[in-house]
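Next come the chains, spelled out residue by residue.
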Amino acid sequence: MIEFAEVSKRYPNGQDALRKVNLKIDSGEMAFLTGHSGAGKSTMLKLICLMERATSGQVIINGKNLNRIKSRKIPSIRRDIGMIFQDHRLLFDRSVFDNVALPLMIAGYPHREIGRRVRAALDKVGLLSKEKSTPIMLSGGEQQRVGIARAVVNKPPLLLADEPTGNLDPELSAEIMKLFEQFNQVGVSLLIASHDLSLLAKMNYRTLVMKEGQLVQDAVESAIGGGNRFSDDSFSSNNDPENYGEFS
Ligand code: ADP
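Just so you know, these numbers come straight off a predicted model, no measurement behind them.

Cut-offs applied
- Residues numbered from 1 in each chain as written.
- Predicted model: local features only at pLDDT ≥ 70, side-chain atom pairs only at ≥ 80, totals over all residues.
- Helix = DSSP H or I, 4+ residues; strand = E, 2+ residues; numbered from the N terminus.
- Pairing = 2+ DSSP bridges.
- Near = placed C-beta within 6 Å.
- Nonpolar A, V, L, I, M, F, W, Y, C, P; charged D, E, K, R; others polar.
- Buried ≥ 20, exposed ≤ 12 C-beta atoms within 10 Å, placed from the backbone.

Novice: Report on the environment of Tyr11, specifying residues and quantitative values.
Specialist: Structurally, Tyr11 is set in the loop between strand S1 (2–10) and strand S2 (16–25). Between the C-alpha atom of Tyr11 and that of Ala54, which follows or precedes it by 43 residues, the distance is 9.4 Å.

Novice: If you had to explain the pairing of strand S10 (residues 214–220) to someone new, which residues and values would you point to?
Specialist: Both strand S9 (residues 206–211) and S10 contribute to a ladder of 6 bridges, which runs antiparallel. Across the sheet, residue Val209 finds its bridge partner in S10, namely Gln217.

Novice: With reference to specific residues and values, describe the site of the ligand.
Specialist: Around the ligand, the structure places Tyr11, Asn13, Gln15, Ala17, Gly35, Ser37, Gly38, Ala39, Gly40, Lys41, Ser42 and Thr43. A total of 3 residues in the shell around the ligand trace back to one element, the largest contributor, which is helix H1 (residues 41–48). Among the residues forming the shell around the ligand, the class breakdown is 3 nonpolar, 8 polar and 1 charged.

Novice: An account of the pairing of S9 is requested, with residue identities and associated values reported.
Specialist: A large share of S9 lies buried, amounting to 5 of its 6 residues. Relative to S9, strand S3 (residues 30–35) runs parallel, the two sharing 5 bridges. Within S9, the residue paired with Gly35 across the bridge is Met210.

Novice: Which residues make up unusual backbone geometry, and what values go with them?
Specialist: For residues that are not glycine, phi is negative in most cases, and the peptide bond is trans in most cases. Despite not being glycine, Lys20 has its phi angle at roughly 45°, a positive value. Residue placement: Lys20 occurs in strand S2. For Lys20, a count of 14 C-beta atoms within 10 Å corresponds to the partly exposed category. In the Ramachandran plot, His88 falls in the positive-phi region, its phi being about 50° despite a non-glycine side chain. With respect to the secondary-structure elements, His88 resides in the loop between strand S6 (81–85) and helix H3 (96–106).

None of this, on its own, says anything about what the molecule does.
In structure tokens:
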């Protein structure tokens, strides 16, 4: 699903954000990306969804080498990736329904199909009754769930989340993680950047640790600090992302 081969990223100001990163995440895996602020986590996610380009090395997503993707093809690549941000980036002058519908409207789905899919996505995150609300009327946890509904509404096989629980208390964070696990259980691949170590300690997932642009550890979280149980292919899954639970 995600492959990095000797990937480096230098920003135009000369800042090296990634240095020769090698990585493979299988289809159906759920993995965390952690490390101190400035370690390169966001840059990694930006390379995957083509918000930035690698300076050298190969980024291969779903079998496609992103180095060879022309700018006009970027929207079609992004359609297969759901992005979730810490600040959720909702439109505050639009209803919850409209916010979740946005990716489908951009992709040109027919009106009826949009209604059906948006309600299925809102149902999945437990917010069906809030479709007419505006985000300002919702709590922080609910706003984040709207952001998640928007990310999954067109059933992408891959979800990327950048500090999705950064503004939430531990209880709400656990709820968001439970949602992610539900998507993973139906075969969706997830890569979640988080520096919330207490949260990661509770989850028993593969955790990639970044430091100064390098991948310095790749292990199951419970093993970090304890031993060096490096994970291999043990997280692969045969689930079918097309299934996507209640979405049909
Ligand atoms: P993290 O998400 O782990 O906090 P980032 O990927 O945001 O790390 O940043 C990695 C490094 O790249 C940092 O030193 C940061 O200052 C730098 N950086 C990030 N984005 C840019 C940019 N657009 N221009 C220049 N430097 C950047």
